Amino acid sequence: MRTPIVVGIDGSAHAWRALDWAADRAVRHRLPLLLVHGSRALLDDGSIPPDALRRLTGEREDLLAEARQYALKLHPGLDVETRLVPADPGRALVGESEHADLVTVGSRGQGGFEGLLFGSVGLYTAAHARCPVLVVSRSAPYPTDAPRQIVIGIEGLDDERSFIEWAFGEAASRGAKILALHAVGGEFSPRRRVIEQLELSESLAGYGERYPDVTVERLVSDRTPAQALVEASGNAALVVVGARRRRAPLAGMALGRVNHTVLHHAHCPVVVVPDR
């Protein structure tokens, strides 16, 4: 059974651009799309009259149908399903992530996402989803117009393999190169530069053999990690970052200060990949 790419649909321009990116990946990886609209307003709990609930449900079904037709117009033959979920939008997307290849969200929402900024629904989804999360802003280019470069930030830690692997796989499918950044956050001597370059190469060992068609550029930067990633995002299709799972049950992922900065300020879509 093929796992779907889930897209949060709310009618905003950000959601439509997120759908562009999700559909592009679905075609390249031959995966189905699942368009999800979540809202607590759809709960049949007596809080609104039955007639009003039926009208609201019909409006949201029409929204999903419109999004489905849009995706099929872009990519005829694509397998596209829709789902209304009577729940908080972030929780709806996280629930679908249990059996998804990717969850895609716009950086801001309206309608079913209750007009919340990225810091609420988007951050909740990125921090709790069980699969990678792609966050797309309204200003992002169409996927086919994006630069053929994917940026990753390398610290040299053991738990980075999940997002590095995801980035290489995506680069291979896009015909893109990898820019691997290692930022030290200050001036450093020529000797230290050599040491950091060696550590960066060690972190990437083995990927060249598995992905021989992916060109890799290695860069040791004197910027902070957040600065280096945001600056590099100006010439990238994607920035791919990792998130570490917290130890407490159901606590979600630890996104960290760097990821928060990148999610809010990157000039291209950002993918958050949870560790395994």
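Treat the numbers as computed from the prediction; the structure is a model and nothing was measured.

## A look at the nonpolar core
And step 1. Within the largest apolar cluster, 50 residues are counted, with the highest numbers of intra-cluster contacts made by Leu19, Leu33, Leu35, Ile152, Ile178, Leu238 and Val240.
And step 2. With seven residues, the top contributor of residues to this core is helix α1 (residues 13–29).
And step 3. What leucine 19 contacts, discounting residues up to four positions off in sequence, is Val7, Ile9, Leu33, Leu35, Ala67, Tyr70 and Ala71.
And step 4. Ranked by size, the runner-up nonpolar core spans 35 residues in total, among them Val36, Ala92, Leu179 and Ala183.

## Some words on the side chain of aspartate 10
And step 1. Tracing the backbone shows aspartate 10 in the loop between β1 (5–8) and α1.
And step 2. Although aspartate 10 lies buried, it forms no salt bridge, and the closest oppositely charged side chain, arginine 60, sits 9.5 Å away as judged by the N-O distance.
And step 3. A distance of 2.8 Å separates a polar atom in the side chain of aspartate 10 from a polar atom in the side chain of serine 12.

## Digging into the pairing of strand β6 (residues 149–153)
And step 1. The buried fraction of β6 amounts to five of the five residues, a majority that puts the element mostly inside the structure.
And step 2. Taken together, the five bridges between β6 and strand β7 (residues 177–183) define a ladder with parallel strand orientation. In the strand pairing of β7, glutamine 149 is matched with lysine 177.
And step 3. Of the crossover connections in this fold, the one passing from β6 over helix α5 (residues 161–174) to the parallel β7 is right-handed.

What counts, and at which threshold
Residues numbered from 1 in each chain as written. Predicted model: local features only at pLDDT ≥ 70, side-chain atom pairs only at ≥ 80, totals over all residues. Heavy atoms only, no water. Core = buried A, V, L, I, M, F, W, Y, C linked by side-chain atoms within 4.5 Å. Buried < 20%, exposed > 50% of the residue type's maximum accessible area, 1.4 Å probe, protein only. Helix = DSSP H or I, 4+ residues; strand = E, 2+ residues; numbered from the N terminus. Contact = heavy atoms within 4.5 Å. Lys, Arg positive; Asp, Glu negative; His and termini not counted. Salt bridge = Lys/Arg side-chain N within 4 Å of Asp/Glu carboxyl O. Polar contact = N/O pair within 3.5 Å; in protein donor to acceptor, adjacent residues only side chain to side chain. Pairing = 2+ DSSP bridges. Right-handed = clockwise from strand over helix to strand, strands pointing away.

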